[in-house]
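Given next are the chains, with one letter for each unit.
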Amino acid sequence: MKKIWILAACALLFFISGCKGNKIEKQVNQMVGTQVIAHRGYWKCEGSAQNSISSLRNAHKSGVYGSEFDVQITADSVLIVNHDNDFKGHIINLTRYEVIKDSLLPNGEKLPTLEEYLTAGKKLKGLQLVLELKPVKDNPALEQYAVEKCVEMVKEMKLEKRVDYISFSLEACKGFAALMPEASVAYLGGYYMPIELLEMGINGFDYHYNEVLMNRFWVDEARNYNMTSNIWTVNDSLLVETLLVGNPTYLTTDNPEEVTGQIEALKERVRKRLTGEE
Ligand code: MG
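Values in this document were obtained by computation on a predicted structure and should not be read as measured data.

Trainee: Sorry, what's going on with the overall build of the protein here?
Mentor: For the protein, the helix and strand inventory stands at eleven helices and eleven strands. Overall, the protein is about 80 × 40 × 35 Å in size when its C-alpha atoms are taken along their principal axes. Across the 278 residues that make up the protein, the buried fraction comes to 49%. Sequence-distant contacts in the protein: of pairs separated by 6 or more residues, those separated by 24 or more amount to 58%. Total accessible area on the protein is roughly 14,500 Å²; 56% of this is exposed by carbon and sulfur atoms. Charged side chains in the protein number 31 positive and 37 negative. The centres of these two groups are separated by 10 Å.

Trainee: Even after reading the chapter, I still don't get a negative patch on the surface, so can you show me in this structure?
Mentor: On the surface, Glu115, Glu148, Glu152 and Glu156 cluster together into a patch of negative charge. Here the element with the most residues in the negative patch is helix α5 (residues 140-156); it accounts for three residues. Counting through the fold element by element, Glu152 comes out in helix α5.

Trainee: Help me out: how do you make sense of the coordination of the magnesium ion in this one?
Mentor: Under ideal tetrahedral coordination, the four donors around a metal are separated by 109.5 degrees; under ideal octahedral coordination, the six donors are separated by 90 or 180 degrees. Protein coordination at the magnesium ion: the donors are Glu68 (OE), Asp70 (OD) and Glu132 (OE), at 2.0 to 2.1 Å from the metal. One chain supplies every donor for the magnesium ion, spaced along it as E-x1-D-x61-E. The exposure class assigned to Asp70 is buried, which follows from its relative accessible area of 1%.

Trainee: What is the right way to look at the packing of aromatic side chains in this model?
Mentor: Any two aromatic rings considered together are summarised by their centre-to-centre distance and by the angle between their planes. Counting across every chain of the model gives ten aromatic pairs. With a centroid separation of 5.8 Å and 80° between ring planes, the pair formed by Phe168 and Trp232 is classed as edge-to-face. With Phe168 in the loop between β7 (163-167) and α6 (170-179) and Trp232 in strand β10 (residues 228-232), the pair connects residues that are 64 residues apart, well separated along the chain. The exposure class of Phe168 is partly exposed, given its relative accessible area of 34%. Judged by its relative accessible area of 21%, Trp232 falls in the partly exposed class. Grouping aromatic residues by their ring pairs yields a cluster made of Tyr187, Tyr191, Tyr192, Phe205, Tyr207, Phe217 and Trp218.

Definitions and cut-offs
Residues numbered from 1 in each chain as written. Predicted model: local features only at pLDDT ≥ 70, side-chain atom pairs only at ≥ 80, totals over all residues. Heavy atoms only, no water. Helix = DSSP H or I, 4+ residues; strand = E, 2+ residues; numbered from the N terminus. Buried < 20%, exposed > 50% of the residue type's maximum accessible area, 1.4 Å probe, protein only. Contact = heavy atoms within 4.5 Å. Areas by Shrake-Rupley, 256 points an atom, 1.4 Å probe, with all protein chains shown as cover. Lys, Arg positive; Asp, Glu negative; His and termini not counted. Charge placed at Lys NZ, Arg CZ, Asp CG, Glu CD. Patch = residues over 30% accessible without salt bridge, like charges linked within 9 Å, V, L, I, M, F, W, Y side chains within 5 Å. Salt bridge = Lys/Arg side-chain N within 4 Å of Asp/Glu carboxyl O. Donors = N, O, S within 2.8 Å, 3.2 Å for Na, K, Ca; no water. Phe/Tyr/Trp six-rings, centres within 6.5 Å; stacked < 30°, edge-to-face > 60°.

As structure tokens, this is what we get:
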């Protein structure tokens, strides 16, 4: 009988310490909740290139929250993944897809279409796909068509919950927010306060670090309005350390593994303080 009581007491102690551990872990994750987004994929790896499918796969392997990529529309309305508005001397918005479709990225991969990119991303479970639509210069109708086509493709591929939208075009952001009210949509261009974006239906900001350093209270303001805050492109470790103090939702970086390491180190410091080890 005595043995049973001892076993029961041990089980209770084990249960209590487990609950305490879970509570501390929850606190740690609340205090250091920032997640990492790989900028144009994780391309600083051997054999990869910005916005390539291999960079998307590398981002998945690194275990980050999301992988960002840039989307452009050709003159004949094919969505492709590329950062610059020109590719090998062709202005993408003024060029037919067939002219550039066989061109290669610096690592030898084919220039991906959005459909090819999303098809590859769909297989990478747990990785959020952060779609940046590039503004279409002097052609708002083509830009609006690009917004609709992106959403249509995401819906057809049943990726609604896996895709976040960002853009330097305020109109494109408004378009995404109107068509996908449940999705995360963030404006890249700076200047607007979180509340101003929210009034336009946009539920997040994704600003350059200088904009956030000058307006640090915007991260808290976004949190208070249940909006996301994302800061780009944060590659310097001191800058990462500085920005983590505000606990933004995301940091976008070309160095996803290093930034993840810094976040984990900060979590460990907080964990030690909470458990009294430090
Ligand atoms: Mg981008």
